[in-house]
Amino acid sequence: MKKTEEILKKIRKNTVEIVPEEELIKKLNRGKPLRIKFGADPTAPDIHLGHVVILRKLRQFQELGHEILFIIGDFTAQIGDPSGKSETRKPVTKEKIIENTKTYAEQIFKILDKNRTKLILNSQWFNNWSLEDMIKLSAHYTVAQMLARADFSKRYKQNTDITILEFIYPLLQGFDSVELKADIEIGGTDQKFNLLVGRELQRDFGQEPQVVITLPLLEGTDGVKKMSKSLNNYIGVTDFPQDMFGKIMSISDELMLKYYQLLTDFSLEEVKEQHPRNAKRSLAKHIVSLFYDEKLSRQAEKDFEKIFVGKEIPENIEEIKIKEKTIWIVNLLVKADLVKTKNEAKRLISQGGIKINQEKITDENLDLIMDKEYILQAGKRNFKKIVPLS
RNA sequence: GGGCAGGUGCCGGAGUGGUUAAUCGGACUGGGCUGUAAACCCAGUGGACGUAGUCCUACAGAGGUUCGAAUCCUUUCCUGCCCA
């Protein structure tokens, strides 16, 4: 009994809710490995630190002897999830899904134990479904139940459209739990409703309902909204070490503590004793080495110091070869892919955002004579080496 | 099927015949401050043209009225509400 209490304490750490906890205790006390479900849509191949929070919890379950069922929603991805937007998302092709699934696997096994993880595609069962199956499934849930979901009821009240497809989504996701006979499903707090649908469906299908565990959402680099690719505030696990390092350094001190809490095992007490800048640096280094290695992590730190602390130029800058003898700075910026349009180039120059060899330039009429190399800088972190082609 | 209200830039949302590439907020970009912190302050945010104002594209789509349209008319599409 005491042992269960210890395990529970571990599981409770960093969770928001366990629904219901008594059932979890019951399941744990049976002493058998539990089937832990986690689902992801392979619409975009990048896993970011927000996912890592959940992956770490899954890893913890693995260490406690349980099995992870990592479900890839390839079937649902093919339909395209409108997720609150009226624009229909482009359907993802099969090839792309397979490719994304591969990338997913590579990324998640940086955290998860391969031997205790099953990768499952939900097309395995849904591809064989008939219309009859679907209609039968839809009878298991009511419109009122659906409207209980916060974002649905909000949109309903605001007279914005909700498609039936969006009602079907939670049902399909819930049915995955039935198919897998999941004991526990884990997700972010935003997934709570969908996870609970799984519970209801399992009960309807005569199974013991899964326990739902929700985890906090990690805010993105803006410090306000949840980390997501579409909001462009994410730190991807495949970001280049330098970018990953830089992005972490740019978060607020407050957010840093949350990152520490959710992404590492360090003690918060010790972190708080340090100077926030140093603490943030250790965090950045730790996370980079988690996804790359010590060496690249040190390199990222070094580059960071050079660029931002020492205001120097990083190593290994991409080279752009120029065959013209002289070139107008505005054209050069476009050619070097530092800006998208000439107007943008002129704008940046007038705002003092362009530097050549560390010198701010202000004259947008400047013609560069290409008799030597130049270091061209746009903003704080974009560098290109301009090389004459002779 | 009938009636009504709407559709504006990345998002929210003004404007309802004329200095309107379109007020404002958010977001984003650049600069300042700093620990590249965050917060804050300032500036900017359709494109083309070698620099000078001119042109092109844009207020759901198409057509029309007008010297002139995001703004008026016709029609198509889309969304919501009410009635059936």
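Overview of the structure. Position labels on residues start from 1 in each chain and follow its written sequence. Note on labels: chains are lettered from A, ligands numbered from 1, in written order. Under the rules for a predicted model, residues below a pLDDT of 70 receive no local features and side-chain atom pairs below 80 are neither given nor counted, while totals for whole chains, interfaces and linings still include all residues. Where side-chain values are given, they derive from all heavy atoms of the structure, hydrogens and water being excluded.

**Remarks on the overall build of chain A**
The test is simple: Each helix corresponds to a stretch of at least 4 residues labelled H or I by DSSP, and each strand to a stretch of at least 2 residues labelled E; elements are numbered beginning at the N terminus. Note on contacts: a residue pair is in contact if any heavy atoms of the two residues lie within 4.5 Å. Working definition of accessibility: Shrake-Rupley area with a 1.4 Å probe, residue cover restricted to the visible protein chains. Residues counted as positive are Lys and Arg, residues counted as negative are Asp and Glu, and His and the chain ends are not counted. The atoms used to mark charge sites are NZ of Lys, CZ of Arg, CG of Asp and CD of Glu.
Within chain A one finds 18 helices and 13 strands. With the C-alpha coordinates of chain A rotated into their principal frame, the extents come out at 80 × 50 × 40 Å. Taking the contacts inside chain A whose residues are at least 6 apart along the sequence as the reference set, 68% of them involve residues at least 24 apart. By element, 50% of the accessible surface of chain A is carried by carbon and sulfur atoms, the whole surface being about 21,100 Å². For chain A, the separation between the mean place of its 64 positive charges and that of its 58 negative charges on side chains is 1 Å.

**Re helix 3 (residues 49-63)**
Helical periodicity: at 3.6 residues per turn, an α-helix aligns residues three or four positions apart in one direction. Condition: To estimate how far a helix should extend, the number of its residues minus one is multiplied by 1.5 Å. Throughout this description, buried means an accessible area under 20% of the type-specific maximum (1.4 Å probe, protein chains only), exposed means over 50%, and partly exposed covers the range between.
For helix 3, built from 15 residues, the straight-helix expectation of 21 Å at 1.5 Å per residue is met to within 8% by its first-to-last C-alpha distance of 21 Å. Within helix 3, 11 of the 15 residues are buried, which leaves it mostly tucked inside the rest of the structure. Every buried residue of helix 3 is listed here: Leu49, Gly50, Val52, Val53, Ile54, Leu55, Lys57, Leu58, Gln60, Phe61 and Gln62. Downstream of helix 3 by a residue or two, Gly65 has a phi angle that is positive, lying close to 100°.

**Remarks on the layout of surface pockets**
To find leftover empty space, one rolls a probe the size of a water molecule over the atoms. Which entries qualify depends on this criterion: The pocket and cavity definitions rest on a 1 Å grid over protein atoms only: a 1.4 Å probe that fits but cannot leave marks a cavity, an open set with protein on both sides within 12 Å along at least five of seven lines marks a pocket, and residues lining either have an atom within 4 Å of a point. Grid points are joined across faces, edges and corners, and a volume is the space filled by probe spheres set on the points. Only Asp, Glu, Lys and Arg are considered charged in this grouping, and only Ala, Val, Leu, Ile, Met, Phe, Trp, Tyr, Cys and Pro are considered nonpolar; every other residue, Gly among them, is considered polar. Delimitation of the domains relies on an automatic or database domain assignment.
Space inside the second largest pocket adds up to approximately 660 Å³. Around the second largest pocket, the lining is made up of 18 residues, and of these Gln242, Asp243, Arg381, Asn382 and Phe383 lie nearest the centre. Elements represented by at least two residues in the lining of the second largest pocket include exactly helix 12 (241-249), helix 16 (294-309) and strand 13 (382-388). Residue contributions to the lining of the second largest pocket peak at 5 residues, all from helix 16. Residue composition of the lining of the second largest pocket, by class: 9 nonpolar, 3 polar and 6 charged. Residue-level mapping places the lining of the second largest pocket at the junction of two domains, with at least three residues from each of domain 2 (241-308) and domain 3 (319-388).

**So, the packing of aromatic side chains**
Operational definition: The aromatic pairing rule takes the rings of Phe, Tyr and Trp, using the six-membered ring of Trp, and pairs them if the centres are within 6.5 Å, calling planes under 30 degrees apart stacked, those over 60 edge-to-face and the rest tilted.
Evaluation of the coordinates by the stated rule reveals 12 aromatic pairs. On the numbers, 6.4 Å between centres and 85° between planes, the contact of Tyr141 with Phe193 is edge-to-face. Here the residue Tyr141 occupies a position in the loop between helix 7 (131-138) and helix 8 (143-147), and Phe193 occupies one in helix 11 (residues 192-204), the gap between them amounting to 52 residues. When sorted by exposure, Tyr141 lands in the same class as Phe193, which is buried. Pairwise contacts between aromatic rings join Phe75, Trp125, Phe126, Trp129, Phe175 and Phe205 into one cluster.

**Here's the deal with the nonpolar core**
Note the cut-off: The set of buried Ala, Val, Leu, Ile, Met, Phe, Trp, Tyr and Cys residues whose side-chain atoms join them within 4.5 Å is what this entry labels a nonpolar core.
Residues Leu49, Leu58, Phe70, Ile184, Ile186, Ile213 and Tyr259 are the most contacted members of the largest nonpolar core, which totals 54 residues. When residues of this core are assigned to their parent elements, the largest contribution, 7 residues, is made by helix 3. Residues lining this core come from more than one domain, with at least three contributed by each of domain 1 (2-215) and domain 2 (241-308). Excluding anything up to four places from it in sequence, Leu49 contacts Leu218, Met227, Ile235, Tyr259, Leu263, Ile287 and Phe291.

**Focus on the environment of Lys229**
By the element assignment, Lys229 lies in the loop between strand 6 (211-215) and helix 12. Exposure remark for Lys229: the relative accessible area of 38% places this residue in the partly exposed category. Each C-alpha atom, one on Lys229 and one on His48, is 8.2 Å from the other, the two residues being 181 residues apart in sequence.

**Let's talk about empty space enclosed by the protein**
Applying the stated rule across the entire model yields 1 cavity of 30 Å³ or more. Along its surface, the largest cavity is lined by Phe38, Ala40, Ile47, His51, Leu55, Phe70, Tyr104 and Ile108. Of the residues assigned to the lining of the largest cavity, the class counts are 7 nonpolar, 1 polar and no charged.

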